[in-house]
Amino acid sequence: MVNRTDIIASMLKGLSVIEAFRAERPRLSIAEVSEITGLDRATARRCLLTLHEGGYADYDGKFFTLTPRVLRLGMGALAALPLAQLVQPWLDQLSEQIGQSTSVSILDETEIVYLARAAQRRVMSIGLMPGSRLPAHCTSMGRVLLAALPEDEARALIERSDLSPRTAHSITDPGELMERLAQVRAQGYALIDQEVEMGLRSLAVPLISSRGRVVAALNTGVAAVQGDAAELVRLYLPSLLRVQAGLRRVLA
């Protein structure tokens, strides 16, 4: 049981004032905030002026508007969420938007580990879910993550990998794989055409934190029905990059 003496009532009042602002009402007067929050006018005024003093609100003498500084409050909370929990809503929305399955994974030695997934339709013979593992060297997310490593570290992982071909399209030469990683590093995405499984193509981009560190990879996997695998870049890369940009603001 929380002791009521430990509660800072004024802080709760200030938060309710922040919550009073909405997309449909970005500019509010003291009287309007008082009415929306149920606070008396004097309290609403003190809260608004405090937000203004702290740089969280602009004031033109009559109306208050929140400033971008208030985003720090939400971004800090989002950044504290576990990665899988943080990215899942983004995956769900992206998958609905493009009509394809999407996933996020991290690198674990020579394999990728799926953290989150939004499935539209099954395009692989095996079912993928959080915790599933695949070889890094022949997957789009794996190549993105390997490309983010120092070159000598990436080479060492490839040399420790089982490069046995999974399909007729699999690249098994370490030198050629390193060339592919250099290409991924230069272009900012990885495109895989039926190297993991026949009939499967995938496109991945790195997920980069606000500090510029690659923390995971995001991809979409589709059935190989287009004549040219490069068509995936035109169709899906802009959407992947939008999610990449959005998550960069909240990933620590």
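- Taking an unreviewed UniProt entry as the reference, the chain is identified by name as Helix-turn-helix domain-containing protein belonging to Rhodobacter flavimaris.

Thoughts on the layout of surface pockets
Right, on to step 1. Taken as a whole, the largest pocket holds about 250 Å³ of empty space.
Right, on to step 2. Every element with two or more residues in the lining of the largest pocket is listed here: helix H1 (9–20) and helix H3 (41–53).
Right, on to step 3. Here the lining of the largest pocket takes five residues from H1, the largest share from any one element.
Right, on to step 4. Looking at the lining of the largest pocket, its residues break down into seven nonpolar, three polar and one charged.

Focus: the pattern of salt bridges
Right, on to step 1. One pass over the structure, following the stated rule, counts nine salt bridges.
Right, on to step 2. For the salt bridge of Asp 60 with Arg 27, the shortest nitrogen-to-oxygen distance reads 3.5 Å. One end of the pair, Asp 60, is in the loop between strand S1 (57–59) and strand S2 (64–66); the other, Arg 27, is in the loop between H1 and helix H2 (30–37), and 33 residues separate them in sequence.
Right, on to step 3. Note that Glu 111 and Arg 133 form a salt bridge whose closest N and O atoms lie 3.0 Å from each other. Of this pair, Glu 111 sits in strand S4 (residues 111–118) while Arg 133 is found in strand S5 (residues 133–135), placing the two residues 22 residues apart along the sequence.
Right, on to step 4. For Glu 111, a relative accessible area of 31% puts it in the partly exposed group.
Right, on to step 5. Look at Arg 133 and you get partly exposed, because its relative accessible area is 40%.
Right, on to step 6. Each of Asp 108, Glu 111 and Arg 133 takes part in salt bridges that share partners, so that together they form one network.

Rules and cut-offs
- Residues numbered from 1 in each chain as written.
- Predicted model: local features only at pLDDT ≥ 70, side-chain atom pairs only at ≥ 80, totals over all residues.
- Heavy atoms only, no water.
- 1 Å grid on protein atoms, 1.4 Å probe; cavity = no way out; pocket = protein on both sides within 12 Å on 5 of 7 lines; lining within 4 Å.
- Points joined across faces, edges and corners; volume = space filled by probe spheres on them.
- Helix = DSSP H or I, 4+ residues; strand = E, 2+ residues; numbered from the N terminus.
- Nonpolar A, V, L, I, M, F, W, Y, C, P; charged D, E, K, R; others polar.
- Salt bridge = Lys/Arg side-chain N within 4 Å of Asp/Glu carboxyl O.
- Buried < 20%, exposed > 50% of the residue type's maximum accessible area, 1.4 Å probe, protein only.

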